[in-house]
Every structure is written in C-alpha cells, then in structure tokens.
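Secondary and tertiary structure notes
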Amino acid sequence: MKKLYYLSRMTFQTKFAYIKAFWFNIFGTAVSILIYYFLWKYVFQSRDELNGFTAVEITTYVIISRLLSSQFSGGINREFSEWVQKGNIVVELLRPVPLVFTLFGKRVGEFLFFILFKGIPVSILATFILGGTGPDGAANFALFLISVFISIGLMFWIEVMVGLISFFTLNSYGIGYTKTALMSILSGGIVPLFLFPEGVAKVLDYMPFAGMVSVPVRIYLGKYTAAEAFSFIGLQIVWVALLGIGVMAFYRFAIKKVVVQGG
C-alpha cells in the first residue's frame, strides 16, 4: 500500500504540473455535457419519457456518463506508448517494482485526481444548473460508488492491453484513438445502451464496457432492482478477473518482443 500511495502521489504532482491542460479538459467536458443536454432536451419536447427515463433522469445520465467517459481519452496506454517510443521502457522494466503495478499506481492516482478535481465538482455544478436529480437512495449511491471503483479495473486492463500492442507497433496512438471511440460507444457514454436494438443492447449489457458507464449510471438512477445491481457488480468483478488473466498472459508474451526505439 505504501508503494501504491507514492505512485499515486507522484501522479497527482504530475497533474498539477500541467494544470492549464487540466482546465482545458474540464472545459471540453463541460461543453460536451451541454451539447448532449440540448440534444436530449429537443428529444423530450414531444414526449414525457423514453424507455422508462424521464427528462430529468436523462439529464443526470448525460452529466454522469459524459464525466465517466471523459476518462477514456487519456489512460496509461498513452504513457506506455511513449515509454516504448522513447526507450524509457527499459528503465521501467529494471525497476524493483513490477511494471504492471507501477501502471496500476498511476491509474489509481489519475482516477483519484479525476474524482476530487473534476468528477465531484463538475457533477454537482452541472446537476444544479441543468436540473438533474440525485441518486435513488443511499443504498443506490453506495452501490454506484462501488461500481465506479470496480470500473477502474476494467479500464486499467484494457489500457494495459492497448499499451502492450506498442511493443509490436512501436506506437499505439492510432489504436488509442480507436480504443477511446469504441469504449465511448459500447459503454453507453455517447448513446445509452437502451437505444440500441433489443438484442444488441442485451449483449452489450453483459460486456465489460457497460460496467464503465451504463451500469454505474443505471444503478445511480435506480433502474435496477437490488438483485440486478448486485448481479451486474458481480459481473464487473468477473470481467476484471478475466481481463486481468488474459492481459497478464499477453504481457508475458509481449515482454519478449520489446524493441527499444528511442534512448
């Protein structure tokens, strides 16, 4: 835990060093929330609800989903790719701390920074201004927080996998942009999953991507029963374990293919 603390603190210090970029990031997310808010406001001019969601609930969905999905554009895969491109990966592999643990510490630090300085203040301000709603009870809010924290594990393993691809391509920027687009769409960050055809929506609900946005937000809004909420959280944990096993197997294979490009 001490090592994890220092790695997370180091990430905080790095984020503060680029505070202007962080403000631009917040501005971009705020604009995104406003655009989606007005789009949905137009949709609800001719109806009171859509698939069981009221206008106020959709507003809340937009705020939380855009905040959660705003993490997809960053991630440790970008830094991973830079390490390979510049040759710093050799130094990271020689450290006494395992590479995956270092990356996890950085990801935890990024997430905590996101929660404290972007997630909480922007969600409260946007909810107050745009007229969103709070969680559907204390139990739902607690389960929402649990689901969000588990989702970091899902994002982490996917980001590590994308980063590992740079061992073969020497650059993963293109793959990183593809990752961002796919995660945003398949998680419900752009279009709620309930708007997909019924068969497709059911499949996506049980994919790991849904656990990053759709599942936490629907728990927050009380769209699941208690049994369903626990079931989906359990599914998130299963996906974290399966992705971890698969990515670590890929890591042991990819590490043998390291080629230092920079240095």
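One structure accompanies this document, and this report is about it. Owing to the predicted nature of the structure, the values given are computational and were not obtained by experimental measurement.

1. Section: a nonpolar patch on the surface
- A surface patch of nonpolar side chains, amounting to about 470 Å² of accessible area, comprises Phe16, Leu116, Phe117, Ile120 and Ile124.
- The element best represented in the nonpolar patch is helix α6 (residues 99-130), accounting for four residues.

2. Quick look at unusual backbone geometry
- Of note in this structure, Asn51 is not a glycine but carries a positive phi near 50°.
- Positionally, Asn51 belongs in the loop between β1 (49-50) and β2 (53-54).

3. Considering the packing of aromatic side chains
- Under the criterion given, the structure shown has 14 aromatic pairs.
- Centroid distance Phe141 to Phe144: 6.2 Å. Interplanar angle 25°. Geometry classified as stacked. Remark: Phe144 and Phe141 occur in helix α7 (residues 138-169); sequence separation between them is three residues, near one turn of the helix.
- On the basis of relative accessible area, Phe144 is assigned to the buried category, the value being 10%.
- Taken together, Phe53, Tyr61 and Phe194 form an aromatic cluster joined through their ring pairs.
- For Lys223, the ring lying beneath its charged end belongs to Phe53, and the centroid distance is 4.7 Å.

4. Re the packing of helix α2 (residues 19-43) against α6
- For the pair α2 and α6, the least separation of the axes is 11 Å and the interaxial angle reads 35°. You can see that α2 and α6 cross each other, and the crossing is right-handed. Packed against α2, whose contacting residues are Phe22, Asn25, Ile26, Thr29, Ile33, Leu34 and Tyr37, the element α6 presents Phe113, Phe117, Lys118, Val122 and Leu130 at the interface.

5. Examining the pattern of salt bridges
- Going through the model one piece at a time under the given rule, you end up with four salt bridges.
- For Glu110, the salt bridge goes to Arg107, with nearest N and O atoms at 3.8 Å. One end of the pair, Glu110, and the other, Arg107, are both in helix α6, three residues apart, so they sit about a helical turn from each other. There is no split in this pair, since Glu110 and Arg107 are both buried.
- Ionic pairing is found between Glu198 and Lys202, a salt bridge with its closest N-O pair at 3.6 Å. Note that Glu198 and Lys202 are positioned in helix α9 (residues 198-205) at a spacing of four residues, about one turn of the helix.

6. Let's talk about the packing of helix α4 (residues 76-86) against helix α8 (residues 173-186)
- With their axes 10 Å apart at the nearest point, α4 and α8 run at an angle of 175° to one another. The orientation of α4 relative to α8 falls into the category roughly antiparallel. Here Asn77, Arg78, Glu82 and Gln85 of α4 come into contact with α8, specifically with Tyr173, Gly176 and Lys179.
- Here the residues of the contact of α4 with α8 are counted per class, giving one nonpolar, three polar and three charged.

Each value, and the rule that gives it
- Residues numbered from 1 in each chain as written.
- Predicted model: local features only at pLDDT ≥ 70, side-chain atom pairs only at ≥ 80, totals over all residues.
- Heavy atoms only, no water.
- Patch = residues over 30% accessible without salt bridge, like charges linked within 9 Å, V, L, I, M, F, W, Y side chains within 5 Å.
- Areas by Shrake-Rupley, 256 points an atom, 1.4 Å probe, with all protein chains shown as cover.
- Salt bridge = Lys/Arg side-chain N within 4 Å of Asp/Glu carboxyl O.
- Helix = DSSP H or I, 4+ residues; strand = E, 2+ residues; numbered from the N terminus.
- Phe/Tyr/Trp six-rings, centres within 6.5 Å; stacked < 30°, edge-to-face > 60°.
- Buried < 20%, exposed > 50% of the residue type's maximum accessible area, 1.4 Å probe, protein only.
- Lys NZ or Arg CZ within 6 Å of the ring centre and 35° of its normal.
- Axes fitted to C-alpha atoms, helices over the stretch in contact; angles between N-to-C directions.
- Left-handed = near helix turned anticlockwise from the far one by under 90°.
- Contact = heavy atoms within 4.5 Å.
- Parallel < 35°, antiparallel > 145°, perpendicular 65-115°, else oblique.
- Nonpolar A, V, L, I, M, F, W, Y, C, P; charged D, E, K, R; others polar.

None of the figures reported here should be taken as evidence of function without further support.
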